[in-house]
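# Topology and contacts: notes
These are the residues of each chain, in order.
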Amino acid sequence: MPPQFCIYRREPLGPETVRAHIIPQCLGGRLHSRTICCNDCNNAISPLENDLCKALRAPSAALRARDAENQPIRAEMEADGKTYDYADGLGNQRLPAPKYEDGELVFPLPGDADKLAEVIAYQLWSHHKKPAALDTDTIRIEPDRTFHIKPHPPERKMLFSELKVGTDAHMRVVVKMALELLAYVRPDDARRWDVLRPARLYVRDGVDDGKLPARFDASDGAGLFRADEVPQLAHAVEVWTHRQNLHYRVTFFGGLHITGSLSTRWNGPAFSIGHALDPQQPSRNVTKNTESDGPALGVYHPEVKKQAWDKFEEWFMARTLEISKEVTSRPWQAPGEPDLAALRPVIEEKFAALLKRKRQPRPKKRKPKA
Ligand SMILES: [Zn+2]
């Protein structure tokens, strides 16, 4: 029978205990268990996870990453005063607002036929018109040539103004991922209460005794997975013993490593465990589990953090450009005059769906033109 106590504060676990995810779901984590932590602890940690996910949202959207439900991770990014909605590796500039011109409704259109029908249906609906209005002269639909909606690749300045990882909250989530992978694979070892006390208190309550380093690591060596064993942009958690130490390494996007020790006076058996997932395809994952010590951690000095970041930035930008080049090289055509006759059935359908969901707004009284 699995242990019936929370790994953080030993509260009893029961049938009402909800799932704890080892890697947060918003980063694609699907590995979970109801026998790790109590609901109180789960709720206490969840805002920290949201914080980390928020910090990683822009790079996730730029790198075509998906969440645990395999939905594209979306981010709003700004560059040169324009707003882009990013997902699946590229951004669409946000459509400007519709306007009235001489009694006609004018609005910009996206390129894709289905989205086109959706925008037309939505504009009709929100301006209190019916699809039949398309047959009269009260609506003019025209492609807006000034509006450049070709998919936009992510830019360095967009990504790195957003990418701020390494706050105390982020580091607590990193240690949590390590501790909970241990609890998932080796439930009894995760309940060595005394030796894991500093790690537990750090994750649960933010108590930092200064002996529990979580730090950025520029070396590619100090971990269990070899680079060729995991997906290129993997999120990974590795935990292993090395003599009296219990080390861990957490990796984001295959290139950003954070290492540290859960304990420096380990009194349990030797082991090496790892779990990695592909954020572009969260169902793809790799695991490792052996009964032997792993490597020592590299020597740490303050310069390492900067080195780690510089190296990660280069790696990250190169991957991002590869992906956006692939995406933006697909044929793209500026939208022309929409074929309303062909689109009409889809417009009617989208319009009906809107009406079903929400009552159509009343027409707004517009001031007469001066
Ligand atoms: Zn608890």
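Residues numbered from 1 in each chain as written. Predicted model: local features only at pLDDT ≥ 70, side-chain atom pairs only at ≥ 80, totals over all residues.

### Concerning the overall build of the chain
Broken down by element type, the chain carries eight helices and 13 strands. The buried share of the chain, reckoned over its 370 residues, is 37%. In the chain, 68% of the contacts between residues at least 6 apart in sequence involve partners at least 24 apart. (Helix = DSSP H or I, 4+ residues; strand = E, 2+ residues; numbered from the N terminus. Buried ≥ 20, exposed ≤ 12 C-beta atoms within 10 Å, placed from the backbone. Contact = placed C-beta atoms within 7 Å.)

### Digging into unusual backbone geometry
With phi around 60°, arginine 10 is a residue other than glycine that occupies positive phi space. As for its placement among the helices and strands, arginine 10 is situated in the segment before strand E1 (20-21). Overall, the presence of 14 C-beta atoms within 10 Å leaves arginine 10 in the partly exposed class.

### Examining the pairing of strand E5 (residues 90-93)
Here four bridges tie strand E4 (residues 82-87) to E5, and the two strands are oriented antiparallel to one another. Residue aspartate 85 lies in a different strand from E5, and its bridge partner there is asparagine 92. Hairpin geometry of E4 and E5 is characterised by an intervening segment of two residues between the two adjacent antiparallel strands and by a positive phi of about 50° at aspartate 88. (Pairing = 2+ DSSP bridges.)

### Comments concerning the nonpolar core
Membership of the largest hydrophobic core comes to 68 residues, with the highest contact counts inside it found for Met177, Ala178, Leu179, Leu181, Val237 and Val239. Looking at this core element by element, the count peaks at 11 residues for helix H5 (residues 168-185). Counting residues in hydrophobic clusters, the runner-up holds nine residues, among them Ala117, Val119, Ala121 and Trp125. (Core = buried A, V, L, I, M, F, W, Y, C linked by C-beta atoms within 7 Å.)

### Observations regarding H5
Over its 18 residues, H5 extends 26 Å from the first C-alpha to the last, a length consistent with the 26 Å expected when each residue adds 1.5 Å. For H5, the tally of buried residues reaches 15 of 18 residues, placing the bulk of the element in the interior. (Expected span 1.5 Å × (residues − 1).)

### Details of the sheet that holds strand E3 (residues 75-79)
By definition, the strands of a sheet pair up through backbone hydrogen bonds, in either a parallel or an antiparallel sense. Here three strands make up an open sheet; going across it, the order is E3-E4-E5 and the pairing antiparallel. Of all the strands in the sheet, just E3 and E5 have a single pairing partner and so form its edges. Strand-to-strand twist of the sheet, defined as the mean angle between neighbouring strand axes without regard to direction, takes the value 40°. Of the pairings in the sheet, the one linking E3 to E4 comprises five bridges and is antiparallel in character. Directly across from alanine 75, in E4, lies its bridge partner tyrosine 86. (Axes fitted to C-alpha atoms, helices over the stretch in contact; angles between N-to-C directions.)

### Notes on the packing of H5 against helix H6 (residues 197-205)
One can describe the packing of H5 onto H6 by two numbers: an axis separation of 9 Å at closest approach and a directional angle of 130°. Between H5 and H6, the angle is such that the two are oblique. For the element pair H5 and H6, the recorded crossing hand is left-handed. Counted together, Arg172, Val175, Lys176 and Leu179 of H5 and Ala199, Tyr202 and Val203 of H6 form the full contact between these two elements. Considering only residue class, the contact of H5 with H6 consists of five nonpolar, no polar and two charged. (Parallel < 35°, antiparallel > 145°, perpendicular 65-115°, else oblique. Left-handed = near helix turned anticlockwise from the far one by under 90°. Nonpolar A, V, L, I, M, F, W, Y, C, P; charged D, E, K, R; others polar.)

### Some remarks on the packing of helix H3 (residues 113-126) against helix H8 (residues 340-357)
Helix-helix packing is characterised by the crossing angle of the two axes and by the distance between the axes. It is at 8 Å that the axes of H3 and H8 come closest, and there the two elements cross at 50°. Here H3 is positioned oblique relative to H8, judged by the angle of their axes. Helix-helix and strand crossings are classified by hand; for H3 and H8 the assignment is right-handed. Residues Ala113, Asp114, Leu116, Ala117, Glu118, Ile120, Ala121, Tyr122, Leu124 and Trp125 of H3 touch H8, and the partners they reach there are Leu343, Val346, Ile347, Lys350, Phe351 and Leu354. Taken together, the residues of the contact of H3 with H8 sort by class into 13 nonpolar, no polar and three charged.

### Some points on the pairing of strand E13 (residues 281-290)
For strand E12 (residues 272-278) and E13, the ladder comprises seven bridges, and the chain directions are antiparallel. Across the sheet, aspartate 278 pairs through a bridge with glutamine 281, a residue of E13. In sequence, E12 turns back onto E13 through a hairpin of two residues.

### Some points on helix H1 (residues 39-55)
Counted at 1.5 Å a residue, the expected span for H1 with its 17 residues is 24 Å, and the 25 Å between its end C-alpha atoms agrees. The largest bend in H1 comes to about 30°, at serine 46, with the proline proline 47 one to four residues further on. (Bend = angle between axes of the 7 residues up to and from the residue.)

### Notes on the environment of glutamine 25
Along the chain, glutamine 25 falls in the loop between E1 and strand E2 (32-33). For the pair glutamine 25 and alanine 68, spaced 43 residues apart in sequence, the C-alpha separation works out to 4.9 Å. With sequence-adjacent residues up to four places away left out, glutamine 25 is seen in contact with Asp67 and Ala68.

### Brief notes about the confidence of the model for the chain
Mean pLDDT over the chain: 83, with 81% of residues reaching 70 or higher. Considering each helix and strand of the chain separately, the mean pLDDT is smallest for helix H4 (residues 156-162), with a value of 63, and largest for E12, with 97. (pLDDT = per-residue confidence, 0-100.)

### Looking at the environment of aspartate 88
Note on placement: aspartate 88 falls in the loop between E4 and E5. Classification of aspartate 88 as partly exposed rests on a count of 18 C-beta atoms within 10 Å. Separated by 23 residues in the primary sequence, aspartate 88 and alanine 65 have C-alpha atoms spaced 6.6 Å apart. For aspartate 88, the residues in contact, after removing those within four places along its chain, are Arg64 and Pro72.

### A short note on the environment of alanine 55
Within the secondary structure, alanine 55 is located in helix H1. Taking the C-alpha atoms as reference points, alanine 55 and histidine 170, separated by 115 residues in sequence, lie 8.8 Å from one another. Filtering out sequence-adjacent residues up to four positions away, alanine 55 remains in contact with Lys164, Val165 and His170.

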